[in-house]
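Okay, here's what each chain looks like letter by letter:
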Amino acid sequence: METSIWLLISVLVMAVLIILGAIRAPDAPGRKAFTLSILFALSWTAAVLARHSSSDLEFKIWACKFAWFGIIGTPLYWSLSFLTYARGRGAEKRWQLASIGLISAAFGILALTNDWHNWMYIRLIDERTMLFEHGWLYQAAMLFAYSAMAIAFVLGLTLTIRARGIHRWQLWALLASAFFPLVGNVSYTAYGFTIFNDDPTPFIFAATGAFMLGAQLFGQLFVLPPIGRDAIFEVLPDPVIVLDAEDRILELNPAAATLPGMPRQAIGSSLATQPEFAPILQAPASSDGERSEIKLGDQGIFEVSAHSLTPWGRRGGRMIVMRDISLRKAAEERMAALSRDLEMRLHENVELQNLLREEASRDHLTGLYNRRHAQDILPALLQGASARDRVAVTVVDIDHFKLFNDRYGHQTGDTVLKLFAKMLTEELGDNGQAFRWGGEEFLVILPDCDRNEALVHAARWQQRLCATYIPGVNDLALTFSGGLFVARGDQVSLEEAVKAADTALYAAKAAGRNRMVTFGEYAGLQQPEKKSIALPR
């Protein structure tokens, strides 16, 4: 058998071993794409092997066309595999794998149907070396495949240089696995370089295949993949430790390496054998995102969180992130104490403000709201009334109040005011509001109340006052005079409404007191001195 056939067979054997090794490896980033790149390389090599083993020209031409599935798929899947593996931040996506498969299939189908359009091959130049005159699609396919490889090489070379330890060795192996076949393919395409009068690319795969087997067996390719070291370990100031399912250390960042008790050669050591770190392994933070707090000897208080490494092919493995929160906990305790003290002071301040506001708005003797409070809240009541609403505004004055003070003293006068205020409060309930307007005058507001209803209320007040007993007073009855004004809608202000009720009160006093007079209804009454008031209609 010719030497070329033996070489091609060796390529097939090593490719199968590489695929088996990749399949048996954990589901690391880039593993699927790498396996597919080897499979497509196998199809390419198989096409070359079939071409060498046959003397049928038509079959050889067909094999050349069939090889295009591997010619396109191999570099694209390898580029995806290398970049995904080197970055180590997550497995390749299904849509990425499917897209490359569709692109490879498209070029393969176009090559197989070349007789219809001659876009790939125009004519056969040399039957011995299977050299063709190429069409535009061939040039486009080469440019596409080489561009993808070039981009992957540039980005991958940067990641390889920045990698450390075993991971750098792995990435160099991946670069070499594609670099030498690529050089061979470029030499064949651009300069006609051949091995055994054929494309040297499959033969070069034989040499790199052994290299890749070594990378899998001795370099732990896809078994110890990089876990985004530059983005996770080097930048974080917090200790980060990556463990496998047996609590062996796969990786750790510089902050973790300086922890007391950490072995000098930490990677590969079992963290379970280090008593200083027993609290970390026993921490309940077993699910992603869950956090717990532990006290690590004299090192202080740490917040510990664990994250699964399943997406990186380490089932049962986890990444432990530790954060020293000793200073934060002490600060939180101080802030909590200050917050409690501040909250207590604010509560006292609010209570004091409410008390002062309440005292400022109430009459200290009767307990009713005072005139200032009425002027604060009643304008909104009148302005908010619609044209159909009615608000009865009443000003009442205790009759002969001065006599109570002159005959029986101011203490009795105060008792009269308190009795009158208590009566108003009990009679009104939730149906109205009473205010001490000044001296012995009281302002009563009855919302949604017409003239007749207001007069009924006033009559009930008079009856109750007549039956009220004042201790020590036998010759004076407790009566009042009142003026009523019914405001409709928002046609009048509080000042105008009170002024109208006050005018009616003056008429009630002039007519003999102990009565309620409605504004404008003075017929049959002893008229007071002429006094006018202008109100809007």
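Residues numbered from 1 in each chain as written. Predicted model: local features only at pLDDT ≥ 70, side-chain atom pairs only at ≥ 80, totals over all residues. Heavy atoms only, no water.

**Some details on the overall build of the protein chain**
Keep this limit in mind: We count a stretch as a helix when DSSP gives it H or I for four or more residues in a row; a strand needs E for two or more, and each element gets its number in order from the N terminus. Under the scheme applied here, a residue whose accessible area is under 20% of the maximum for its type counts as buried, over 50% as exposed, and between as partly exposed, the area being computed with a 1.4 Å probe on protein chains only. The method behind every accessible area is Shrake-Rupley, applied with a 1.4 Å probe, and residues are considered shielded solely by the protein chains displayed.
What the protein chain contains, in helices and strands, is 18 helices and 13 strands. The burial tally for the protein chain puts 46% of its 537 residues in the buried class. With an accessible surface of roughly 28000 Å², the protein chain has 57% of that area assigned to carbon and sulfur atoms.

**Quick look at the environment of Ile 241**
This is how it is decided: Working rule for contacts: check all heavy atoms of both residues, and any pair within 4.5 Å makes them a contact.
Take Ile 241: it is sitting in strand β3 (residues 240-243). Between the C-alpha atoms of Ile 241 and Glu 251, which are 10 residues apart in sequence, the distance is 6.1 Å. Look past the residues within four positions of Ile 241 in its chain and what remains in contact with it is Ile 249, Glu 251, Leu 252, Ala 256, Met 262, Leu 271, Arg 318, Met 319, Ile 320 and Met 322.

**Considering the packing of aromatic side chains**
Selection rule: Only Phe, Tyr and Trp rings are paired, with Trp represented by its six-membered ring, and only when their centres lie within 6.5 Å; those with planes under 30 degrees apart are stacked, over 60 edge-to-face, the remainder tilted.
Taken as a whole, this structure holds 13 aromatic pairs when the rule is applied. Centre to centre, the rings of Trp 119 and Trp 136 are 5.5 Å apart; their planes meet at 50°, and the pair counts as tilted. Of this pair, Trp 119 sits in the loop between α6 (114-117) and β1 (121-126) while Trp 136 sits in helix α7 (residues 136-162); the two residues are 17 residues apart in sequence, bridging distant segments of the chain. When its relative accessible area of 53% is taken as the criterion, Trp 136 is described as exposed.

**A short note on the side chain of Asn 253**
Operational definition: Any N or O atom pair separated by 3.5 Å or less is treated as a polar contact, with the protein-specific requirement of one donor-capable and one acceptor-capable atom, and with residues adjacent in sequence counted only for side-chain atom pairs.
Tracing the backbone shows Asn 253 in the loop between β4 (249-252) and α11 (254-257). At 2.7 Å, the side chain of Asn 253 forms a polar contact with the backbone oxygen of Asp 238. Only 2.8 Å separates the side chain of Asn 253 from the backbone nitrogen of Val 240, close enough to count as a polar contact.

**What about the environment of Lys 418?**
Along the chain, the position of Lys 418 falls in helix α16 (residues 410-428). Residues Lys 418 and Gly 367 lie 51 residues apart in sequence; the distance between their C-alpha atoms is 8.2 Å.

**Focus: the packing of helix α4 (residues 68-87) against helix α5 (residues 94-112)**
Geometry of a packed helix pair, given as the angle between the helix axes and the separation of the axes. As a reminder, the rule being used: Note on method: axes are straight lines fitted to C-alpha atoms, helices fitted across the in-contact stretch only, with angles between N-to-C directions ranging 0 to 180 degrees. By definition in this entry, angles of less than 35 degrees are roughly parallel, angles greater than 145 are roughly antiparallel, angles of 65 to 115 are roughly perpendicular, and the rest are oblique. Handedness of a crossing follows from how the near helix is turned relative to the far one, being left-handed for an anticlockwise turn of less than a right angle and right-handed for a clockwise one. Polar here means any residue outside two lists: the nonpolar Ala, Val, Leu, Ile, Met, Phe, Trp, Tyr, Cys and Pro, and the charged Asp, Glu, Lys and Arg; Gly therefore counts as polar.
The contact between α4 and α5 brings their axes to 8 Å, and the two run at 160°. By the angle between their axes, α4 is roughly antiparallel relative to α5. Crossing geometry of α4 relative to α5 is assigned as right-handed. Every residue of α5 that contacts α4 at Trp 68, Phe 69, Ile 72, Gly 73, Leu 76, Tyr 77 and Leu 80 is listed here: Gln 96, Leu 97, Ile 100, Gly 101, Ile 103, Ser 104, Ala 105, Phe 107, Gly 108, Ile 109, Ala 111 and Leu 112. Of the residues contributing to the contact of α4 with α5, the split by class is 14 nonpolar, 5 polar and no charged.

**Quick look at the confidence of the model for the protein chain**
Rules: Confidence per residue, as judged by the predictor, is encoded in pLDDT with a range of 0 to 100.
On average, residues of the protein chain score 78 in pLDDT, and 76% of them reach the 70 mark or higher. Per-residue pLDDT stays below 50 along residues 528-537; that stretch engages in 17 contacts with residues further than four places along the chain or on separate chains.

**Some points on the sheet that holds strand β5 (residues 291-295)**
Cut-off, in case you're wondering: By definition, two strands form a pair when at least two bridges between them are found by DSSP.
A sheet is described by the order of its strands in space; here 5 strands give the open sequence β4-β3-β7-β6-β5, paired in antiparallel fashion. On the outer flanks of this sheet lie β4 and β5, each paired with one strand and no other. Along the sheet, successive strands turn relative to each other by an average axial angle of 25°, direction set aside. The pairing of β5 with strand β6 (residues 301-308) spans 5 bridges and is antiparallel. In the sheet register, Glu 293 faces β6, and the bridge partner there is Glu 303. This element, helix α13 (residues 326-361), spans β5, β6 and β7 (318-324) of the sheet and lies at about 120° to β6.

**Quick notes on helix α18 (residues 494-510)**
Defined as follows: Expected helix span is computed as 1.5 Å times (number of residues minus one).
The end-to-end C-alpha distance of α18 is 24 Å, a good match for the 24 Å that 17 residues give at a rise of 1.5 Å each. Regarding α18, the residues found buried are Leu 494, Ala 497, Val 498, Ala 500, Ala 501, Thr 503, Ala 504, Leu 505, Ala 507 and Ala 508. In the core, the buried residues of α18 are packed alongside α14 (371-383), β9 (390-398), β10 (433-438), β11 (441-447), β12 (480-488) and β13 (516-518). Downstream of α18 by one or two residues, Gly 512 has phi in the positive range, about 120°.

**Some remarks on unusual backbone geometry**
Phi at Asp 247 is positive, roughly 65°, even though this residue is not glycine. Note that Asp 247 resides in the loop between β3 and β4. Even without glycine at this site, His 400 takes up a positive phi of about 55°. Structurally, His 400 can be placed in the loop between β9 and α15 (401-408).

**Some points on the packing of helix α2 (residues 31-52) against helix α3 (residues 57-66)**
One way to put it is that α2 packs onto α3 with a least axis distance of 9 Å and a crossing angle of 170°. Looking at the two axes, α2 sits roughly antiparallel to α3. Residues Ser 43, Ala 47, Ala 50 and Arg 51 of α2 lie in contact with α3, whose contacting residues are Phe 59, Lys 60, Ala 63, Cys 64 and Phe 66. Considering only residue class, the contact of α2 with α3 consists of 6 nonpolar, 1 polar and 2 charged.

**Some points on the sheet that holds β11**
Read from one edge of the open sheet, 6 strands run β8-β10-β11-β9-β12-β13, paired in mixed fashion. Both outer strands of the open sheet, β8 (369-370) and β13, are each paired with one neighbouring strand and no more. Bridge analysis of β10 against β11 gives 5 bridges, and the strand direction is antiparallel. In the sheet register, Gln 433 faces β11, and the bridge partner there is Ile 445.

**Quick look at helix α17 (residues 451-466)**
Here is the rule: Taking the helix axis as origin, the arc is that swept by the directions to the C-beta atoms.
Over its 16 residues, α17 extends 23 Å from the first C-alpha to the last, a length consistent with the 22 Å expected when each residue adds 1.5 Å. When we look at burial in α17, the residues that qualify are Ala 454, His 457, Ala 458, Trp 461, Gln 462 and Leu 465. All buried residues of α17 fall inside an arc of 140° around its axis, so they share one side. Exposed side chains of α17 directed beyond 90 degrees from the buried face belong to Gln 463 and Cys 466. At its buried positions, α17 is contacted by β9, α16, β11, β12 and β13. Of the residues that open α17, the one with a side-chain oxygen 3.4 Å from the backbone nitrogen of Asn 452 is Asp 450.

**Looking at the side chain of Arg 436**
Looking at the secondary structure, you find Arg 436 in strand β10. Judged by relative accessible area, which is 17%, Arg 436 ranks as buried.

**Here's the deal with the nonpolar core**
Worth spelling out the cut-off: Buried Ala, Val, Leu, Ile, Met, Phe, Trp, Tyr and Cys residues that are joined via side-chain atoms within 4.5 Å together make up what is termed a nonpolar core.
Within the largest apolar cluster, 29 residues are counted, with the highest numbers of intra-cluster contacts made by Ile 398, Phe 420, Leu 424, Phe 442 and Trp 461. Mapped by element, the contributors of at least two residues to this core are β9, α15, α16, β11, α17 and β12. The greatest single-element share of this core, amounting to 7 residues, is contributed by α16. Leu 424 has contacts with Ala 434, Phe 442, Val 444 and Trp 461, leaving out every residue within four places of it along the chain. Core analysis: the second largest hydrophobic core is formed by 28 residues, Trp 68, Ile 72, Phe 107 and Ala 141 among them.

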